[in-house]
Amino acid sequence: MRGIDAVAFVAAVNADPEFRLAARYWNAKVGLNFPPDNLVLTFENGALIEAGPGDTATADIRLTAPEGGWLEFLKPVPRPFHHGMLPAIVREGFALDGDVVLWTTYYGALSRVFAVMKTFVNGQG
Amino acid sequence: MARFDKAVGRYVYLTVEGVDYRVYFEESGSGIPLLLQHTAGVDARQWRFFLEDEEITRNFRLIAYDLPFHGKSLPPSSERWWEQEYRLTESFLKEFILGLSAALELDRPVFLGVSLGGYIATDLALTHADSFRAIIGCEVSTELHGLDNPLFHHPQISDGAKAAQMYDAMGPESPEACKRESTWLFSQAAPPVMLGDLYYVCNEHDLTETAHKIRTDRTPLYLLNGEYDFVMPPSHGKALADRIKGARFSSMAGLGHFPMIENPPLFRRHVMPILEEIRRLF
């Protein structure tokens, strides 16, 4: 997330109409092993309130990608099985840890967060 | 003047494993009968684009049916089904498909199924090949043990959440409207249906020891897997095809797990040459 305006990113996520619907009632911290830092996304009452470096150990949901995994995952058209969280976990060595029920419940919301993140990483955000 | 689709729907009564079912199906076209089996956790609406395809319906009579407990094929009114865990079995599927074919007086139909439909396509190829002119299985694998995730039927997880995961089973460049329609259909299954369908897929379907016994000399077998299908990647379909003498395999570039609805124009590009070959054969 270095080089990305975190405030603008948070605003863009909360402006995403599909995210707002999918994230209703969500309260959670999601941790990602985003090199060179760990990234923690904090959701409160269905909104993303903070995105920044932090300790992922206490996050409710932790997603860990193998080296280079996030780079491929965030490409506009990634190669097969980097095109979604579930495919990446099943086929590409991404690891899910923590509250799996919560992750499944808010899979759609988190997918939208990644969709917005892609636009920022690829210079469109 | 009203505009109508080609497909016409109606109900037929079938007795399967001693229980009566009122079964919904839609059909269009004329010619060689072609049975269309939907995936797990959805229904025959996945085939709606196929049913309207002029080029296909010119030579084939397409029949897309809802399995019992799916779509408009309601659970049987004679049973206390709400007291039992819903589980689809291979024996039920086979008796149902053969019974439907007999009830509609189909003469050796072609069978085309995707995912769950692809699995039963290959199981039918093993045990009932003579009942079909040709069999086409999409998103297939020799076996798929262990993917019957209990969270597919969990009181805290909505059917919309399950559908959101299925969005990622489709190709990233498939048309957004089609992918959304696919997930909409997925979200409409009754809560236990997806996991119950996977009972057959993950616990009964296994051709590891038997695939080599499938005969393709009288009933051609075509297998296809989508490039982005993380559930059954092309490598799985190819591995199964390699075990079956005469089976034809192809990978479908750009497509995922729901090819007939996520990108109908691209799917037809892969399937039309096969249907044309079958038409020339018969």
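Residues numbered from 1 in each chain as written. Chains lettered and ligands numbered in written order. Predicted model: local features only at pLDDT ≥ 70, side-chain atom pairs only at ≥ 80, totals over all residues.

**Student:** Could you clarify how one ought to interpret the nonpolar core in this entry?
**Tutor:** Buried together is how nonpolar side chains tend to be arranged in soluble globular proteins. Judged by nonpolar contacts, the single largest core of 124 residues is most densely connected at Val 113 of chain A together with Leu 34, Leu 36, Leu 62, Ala 64, Phe 111 and Ile 135 of chain B. When residues in this core are grouped by element, the largest group, seven residues, is from helix H6 (residues 107-121) of chain A. (Core = buried A, V, L, I, M, F, W, Y, C linked by C-beta atoms within 7 Å. Buried ≥ 20, exposed ≤ 12 C-beta atoms within 10 Å, placed from the backbone. Helix = DSSP H or I, 4+ residues; strand = E, 2+ residues; numbered from the N terminus.)

**Student:** Can you walk me through helix H10 (residues 264-281) of chain B in this structure?
**Tutor:** Think of an α-helix as 3.6 residues a turn; residues three or four steps apart then line up on the same face. Residues and elements named next belong to chain B. Over its 18 residues, H10 extends 25 Å from the first C-alpha to the last, a length consistent with the 26 Å expected when each residue adds 1.5 Å. Maximal helix bending in H10 amounts to about 35 degrees, located at Val 271; proline Pro 273 follows within four positions. On its buried side, H10 packs onto helix H2 (54-57), strand E4 (60-65), strand E5 (110-114), strand E6 (134-138) and helix H9 (259-262). (Expected span 1.5 Å × (residues − 1). Bend = angle between axes of the 7 residues up to and from the residue. Contact = placed C-beta atoms within 7 Å.)

**Student:** Help me understand the interface of chain A and chain B, please; the structure alone is not making it clear to me.
**Tutor:** When the parts of a complex come together, some accessible area is lost, and that lost area is often used as the size of the interface. Contacts between chain A and chain B engage 18 residues on the former and 14 residues on the latter. Secondary-structure elements contributing two or more residues to the side of chain A that touches chain B are helix H4 (85-91), helix H5 (100-105) and H6 of chain A. Here the element with the most residues in the side of chain A that touches chain B is H4 of chain A; it accounts for five residues. Considered class by class, the residues forming the side of chain A that touches chain B number 11 nonpolar, six polar and one charged. (Nonpolar A, V, L, I, M, F, W, Y, C, P; charged D, E, K, R; others polar.)

**Student:** Which parts of the structure should I look at to understand the sheet that holds strand E5 (residues 95-98) of chain A?
**Tutor:** Within a sheet, neighbouring strands are paired by backbone hydrogen bonds and run either parallel or antiparallel to one another. All names here are of chain A. Spatial ordering of the open sheet is given by E3-E2-E1-E4-E5, a layout of five strands whose pairing is mixed. The sheet is open, and its two borders are formed by strand E3 (47-53) and E5, each paired with just one other strand. Sheet twist, expressed as the average angle between the axes of neighbouring strands with direction ignored, equals 15 degrees. (Pairing = 2+ DSSP bridges. Axes fitted to C-alpha atoms, helices over the stretch in contact; angles between N-to-C directions.)

**Student:** Teacher, can you tell me more about the environment of Ser 250 of chain B here?
**Tutor:** All names here are of chain B. Along the polypeptide, Ser 250 turns up in strand E8 (residues 248-252). Judged by the 17 C-beta atoms lying within 10 Å of it, Ser 250 falls in the partly exposed class. Residues Ser 250 and Val 193, spaced 57 residues apart in sequence, show a C-alpha to C-alpha distance of 30 Å. Ignoring any residue separated from it by four or fewer positions in sequence, one finds Ser 250 in contact with Leu 224 and His 270.

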